[in-house]
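Working through the structure, step by step
Now for the letters of each chain:
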2 protein chains.
Amino acid sequence: MSEVFDLSSVDAYLRDLQDRLCAAFERADHRARFREDLWEREGGGGGRSRILTGGELFEKAGVNYSHVWGDALPAAATAQRPQLAGRSYHAAGVSLVLHPQNPYVPIMHANVRVLVAERAGADVAWWFGGGMDLTPCYGFVEDAAAWHANARAACEPFGADVYPRFKKWCDEYFFLPHRGETRGVGGLFFDDLNEWGFERCFAFQRSIGDSVLTGYLPIAERRRATPWGERERSFQLYRRGRYVEFNLLYDRGTRFGLQSGGRTESILMSLPPLARWEYDWLPEPGSAEETLLREFLRPRDWL
Amino acid sequence: MSEVFDLSSVDAYLRDLQDRLCAAFERADHRARFREDLWEREGGGGGRSRILTGGELFEKAGVNYSHVWGDALPAAATAQRPQLAGRSYHAAGVSLVLHPQNPYVPIMHANVRVLVAERAGADVAWWFGGGMDLTPCYGFVEDAAAWHANARAACEPFGADVYPRFKKWCDEYFFLPHRGETRGVGGLFFDDLNEWGFERCFAFQRSIGDSVLTGYLPIAERRRATPWGERERSFQLYRRGRYVEFNLLYDRGTRFGLQSGGRTESILMSLPPLARWEYDWLPEPGSAEETLLREFLRPRDWL
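This write-up is about the structure you can find in this document. (Residues numbered from 1 in each chain as written. Chains lettered and ligands numbered in written order. Predicted model: local features only at pLDDT ≥ 70, side-chain atom pairs only at ≥ 80, totals over all residues. Heavy atoms only, no water.)

1. Examining the overall build of chain A
Scanning chain A from N- to C-terminus turns up nine helices and ten strands. The globule rule puts the C-alpha radius of gyration for 303 residues at 19 Å, and the 19 Å found for chain A is close to it. Once the C-alpha set of chain A is aligned to its principal axes, its extents read approximately 65 × 40 × 35 Å. Within chain A, the proportion of its 303 residues that are buried is 61%. Within chain A, contacts between residues separated by at least 24 positions form 69% of all contacts whose residues are at least 6 apart in sequence. If you sum the accessible surface of chain A, you get close to 12,300 Å²; carbon and sulfur atoms cover 51% of it. (Helix = DSSP H or I, 4+ residues; strand = E, 2+ residues; numbered from the N terminus. Rg over C-alpha atoms; globule rule 2.2 N^0.38 Å. Buried < 20%, exposed > 50% of the residue type's maximum accessible area, 1.4 Å probe, protein only. Contact = heavy atoms within 4.5 Å. Areas by Shrake-Rupley, 256 points an atom, 1.4 Å probe, with all protein chains shown as cover.)

2. Notes on the sheet that holds strand β9 (residues 186-193) of chain B
Residues and elements named next belong to chain B. Strand order in this open sheet of seven strands is β1-β2-β3-β4-β5-β6-β9, and the pairing throughout is antiparallel. Strands with a single pairing partner mark the edges of an open sheet, and in this sheet they are β1 (35-40) and β9. Across the sheet, the axes of successive neighbouring strands diverge by a mean angle of 5°, strand direction being ignored. Pairing between strand β4 (residues 88-100) and strand β5 (residues 107-118): eleven bridges, direction antiparallel. What sits directly across from Y89, in β5, is A117. Packing against the sheet, helix α1 (residues 7-29) makes contact with β2 (45-53), β3 (58-70), β4, β5 and β6 (125-135), and its axis sits at approximately 170° to β3. Across the sheet, helix α4 (residues 162-173) is in contact with β6 and β9; its angle to β9 comes to roughly 100°. (Pairing = 2+ DSSP bridges. Axes fitted to C-alpha atoms, helices over the stretch in contact; angles between N-to-C directions.)

3. Notes on the sheet that holds strand β5 (residues 107-118) of chain A
Residues and elements named next belong to chain A. The seven strands lie next to each other as β1-β2-β3-β4-β5-β6-β9, forming an open sheet whose pairing is antiparallel. Strands at the two margins of the open sheet, each flanked by one partner only, are β1 (35-40) and β9 (186-193). Looking at each pair of strands side by side, their axes are set apart by 5° on average, direction ignored.

4. With respect to the pattern of salt bridges
Any two side chains of opposite charge can pair, given that their charged atoms come close. Across all of its chains, the model carries 64 salt bridges over all chains by this definition. The closest approach of N and O atoms between D280(B) and R35(A), which form a salt bridge, is 3.0 Å. Note that D280(B) is positioned in the loop between β10 (274-276) and α9 (288-296) and R35(A) in strand β1, a pairing that runs across two chains. Given a relative accessible area of 38%, R35(A) falls into the partly exposed group. A salt bridge links R165(A) to E195(A), with the nearest nitrogen and oxygen atoms 3.0 Å apart. Remark: E195(A) occurs in the loop between β9 and α5 (198-223) and R165(A) occurs in helix α4 (residues 162-173); sequence separation between them is 30 residues. On the basis of relative accessible area, R165(A) is assigned to the partly exposed category, the value being 33%. Linked through salt bridges whose partners overlap, the residues forming this network are D19(A), E36(A), R48(A) and R50(A). (Salt bridge = Lys/Arg side-chain N within 4 Å of Asp/Glu carboxyl O.)

5. Focus on helix α3 (residues 141-155) of chain B
Residues and elements named next belong to chain B. For α3, with 15 residues, the first-to-last C-alpha span of 21 Å sits near the 21 Å given by 1.5 Å per residue. For α3, every residue scored as buried is listed here: D143, A144, W147, H148, N150, A151, A154 and C155. The arc that holds every buried residue of α3, seen down its axis, measures 155°, which confines them to one face. On the buried face of α3, the contacting elements are β5, β6, α4, β9 and α5 (198-223). (Expected span 1.5 Å × (residues − 1). Arc of directions from axis to C-beta.)

6. Looking at the pairing of β5(A)
Residues and elements named next belong to chain A. With respect to burial, β5 is a largely interior element, ten of its twelve residues being buried. If you look at the hairpin formed by strand β4 (residues 88-100) and β5, you'll find six residues sitting between the two strands. Where β5 and strand β6 (residues 125-135) come together, eleven bridges link them in antiparallel fashion. Residue pairing in the sheet places I107 in a bridge with T135 of β6. Counting the residues in the hairpin turn of β5 and β6 gives six residues, including G121, whose phi is positive at 85°.

7. What to know about the interface of chain B and chain A
Opposite the 30 residues of chain B that make contact, chain A presents 30 residues. Together chain B and chain A conceal approximately 2,900 Å² of surface at their shared face, both sides included; 57% is due to carbon and sulfur atoms. For the chain B face of the interface with chain A, the top three residues by lost area are E265(B), W277(B) and Y279(B), together amounting to 29%. At the boundary of chain B with chain A, the tally comes to six salt bridges. Note that E265(B) is salt-bridged to R179(A), the shortest N-O span being 2.8 Å. Summed over the shared surface of chain B and chain A, the result is 17 residue pairs in polar contact (both at pLDDT 80 or more). (Buried area = accessible area lost by both parts, 1.4 Å probe. Polar contact = N/O pair within 3.5 Å; in protein donor to acceptor, adjacent residues only side chain to side chain.)

8. Some words on unusual backbone geometry
Backbone geometry at D280(A) places phi at a positive 50°, although glycine is not the residue there. Residue class for D280(A) comes out partly exposed when judged on its relative accessible area of 24%. Even without a glycine there, the phi angle at H30(B) is positive, about 75°. With respect to the helices, strands and loops of the structure, H30(B) is situated in the loop between α1 and β1.

9. Considerations on the packing of helix α3 (residues 141-155) of chain A against α4(A)
Residue and element names in this part refer to chain A. Contact geometry of α3 with α4 gives a least axis separation of 8 Å together with a crossing angle of 125°. Compared by their axis directions, α3 and α4 come out oblique. α4 is crossed by α3, and the crossing has right-handed handedness. Of the residues in α4, those touching α3 at H148, A151, R152 and C155 are V162, Y163 and K167. In terms of residue class, the contact of α3 with α4 is built from four nonpolar, one polar and two charged. (Parallel < 35°, antiparallel > 145°, perpendicular 65-115°, else oblique. Left-handed = near helix turned anticlockwise from the far one by under 90°. Nonpolar A, V, L, I, M, F, W, Y, C, P; charged D, E, K, R; others polar.)

10. A look at the packing of aromatic side chains
This model, assessed by the stated rule, comprises 62 aromatic pairs over all chains. Ring geometry for F174(A) versus F189(A): centroids 6.0 Å apart, planes at 85°, classification edge-to-face. One end of the pair, F174(A), is in the loop between α4 and β7 (175-176); the other, F189(A), is in strand β9, with 15 residues separating them in the sequence. Here F174(A) and F189(A) have matching classes, each one buried. Where F174(A) meets F246(A), the ring centres are 5.3 Å apart and the plane angle is 45°; that geometry is what we call tilted. Residue F174(A) is found in the loop between α4 and β7, and its partner F246(A) is found in helix α6 (residues 230-249); the two are separated by 72 residues along the sequence. Under the relative-accessibility criterion, F246(A) is labelled buried at 0%. Among the aromatic side chains, those forming a connected cluster through ring pairs are F158(A), F166(A), W169(A), Y173(A), F174(A), F189(A), F190(A), W196(A), F204(A), F246(A) and Y250(A). The cationic tip of R200(A) hangs over the ring face of W196(A); the distance from NZ or CZ to the ring centre is 5.9 Å. Cation over ring: R223(B) sits above F140(B), and NZ or CZ is 3.7 Å from the ring centre. (Phe/Tyr/Trp six-rings, centres within 6.5 Å; stacked < 30°, edge-to-face > 60°. Lys NZ or Arg CZ within 6 Å of the ring centre and 35° of its normal.)

So yeah, pure geometry; function would need other evidence.
Right, dumping it as C-alpha cells:
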C-alpha cells in the first residue's frame, strides 16, 4: 500500500460530524438540547457521549463519538483476521440512534467507524465500516424510497455496484431470525472496507456520514405533525421491543462493546426510553400495523 | 448406571407442576386467568404455554411446559459434552416468570428441566437442571432471608453442601458483568445434575419445583398491598430493563432456544410487559433505590 493512512484526518472528520449532527438535531427538535459526557478509557482513549431526551421531535437521541486504542486487538476483531492477532490498534467512530416521539417518525441508526492495526515491521492494516438504516413503526413507501434514493446517491460516485452491494448487506445484517423480520426498511451496511485505498475509502465514509441528515430530516419533517393516539403509541412501544431484541441478541457492536469493557451507558444509549412486549400479539388483518410486517419488514427493492 | 431412567414419570411430574403452579397463581391473583396455547414442534414434541396478563397481583405471568425431542442434540448442548454429539435426545421442562404489578413485589423466575441423550448400544445419558431466583425492585432483608431459607430447606434432605453450592452457582449465573450487578438476590441454580442417580436427582427436582410456591407466595402476600406511586413505577420499569438485558444478552436458555428454532413467543414470555431505559440514571444517595444497588445486587449470605 503506497498511500499513508492518515488517522488524524479521519478523527477530525468524526469529531466535526458529531458536532454537525448534534447541531442539526437540536435545530430540528425545537426544544431539547444535548447533554455531553466526556469519558476516558482505562486502556487508552475515550469518547464524547451526547444524549438528548424529552424533546419535541426526539424522545431520545444519542450521538456518540469515541476513539480508543490498545496494545492488542480484542479477540472479536481478529476472529476473521487471525494474522492481526496481537497488534496494537486504534478504533474510532461516530454512532447515533434517534428514537422519535411521534410513532409516525421512524427510528434511525447510523454509524461510521475505522479500525487501524499496527505492528513494527509490518504494513499498517486498516478498514472502514458503517452504514445507516431506518426503522419505521408505520410504513410509507414514499419514505423508504426517499431514504434509499439518498443512500444510493451517497454511493454513486464510488461505483454503480456499491449501493446494491451495501444495501443487500444491510438487509442481511439487520435481520431478526427468531421473528423472520428485518429490523426496518434497511439502508446501507459495510465493513472491512479498504479495497479502494485510503483516500477513496475515507471519501466514501465522509459521503455516508454527510448524507445522514439529507436522508433523515425530510422524512422526519414530513411525519412529525401526523396526529397519533394511544393505538399508535402502543404499537410504537411494541416495535421498540423488537429494536431491543435486535440490539441485545444480535448486534455485534453492542455485544462486542459490552463484552470488551466499553462504557455501558454509551453503548446502551441505543435502547429506547420505553418498550413493550405483549405475548403473541397479532395485528388486525388489513391494518397499518399488519401492512408494516407484511410489506416493509422484508428485503425489497425500494427504488 | 443400574437404575432405569424413567422419563415418563418426570414428564408427568412436570405437567402436574405446571397445573399446580397456574392454579395457585390464579388464586393469588384474585382476578386474571391463564390463557393456554398448545404448540407442536416440527422436529418433534411441543408444549403448553400459559400466560396471564393484566391481573391484580401479576401484570404478566408465564408458566410454560415443553417436551421436545430430536434426532441429534443441538450443538449448544454438546459443547461441553462432545461425546454426546449426534445422539437423539429428549428435553423437557417447566419454566416460569412472574412480573408483578406492584413494584414492591419482586419478579420471580424458576425452572426445572431434564435432558436425556440416547444412542443404540450406549448407556442413556441424562441430567437435570433448574433453579429459582428472586429479583426485587425494592430490597427487603426479611424477604431475601425468607426466600433463601425456603431454598435451603428444599436442598437440605440432599446434603448440607447442596444449598451453598447451588446458591453460589446462582449468584454467578445471574450476573450482569456490564453492570457489575447480580440480577437480583439469587436463590438456586444447578445443571448437569446426575451424580446422585436417577431416583435421588428426580426427587431433588421435585423438591425444587414444589418449593416455588412456598418461597414466593408469602413474600408476594406481604408486599402486595404496599402503596406505590409514579416514583416506584418508574424505578420498576427501569429495573425491568436490566431483566431484559440479562435475558437477551446472557441467558443461555433464551439464546439457545431462539437460535435453535424454539417457539419465540413462548421463550420471550420472560420479557416484561413494559420496560424503561434512562441514560446514566443514578439513584439519590441514601434512597431505597440506591440501597437496592448497594446492598442487594451483590452476592451475599442471606441466612
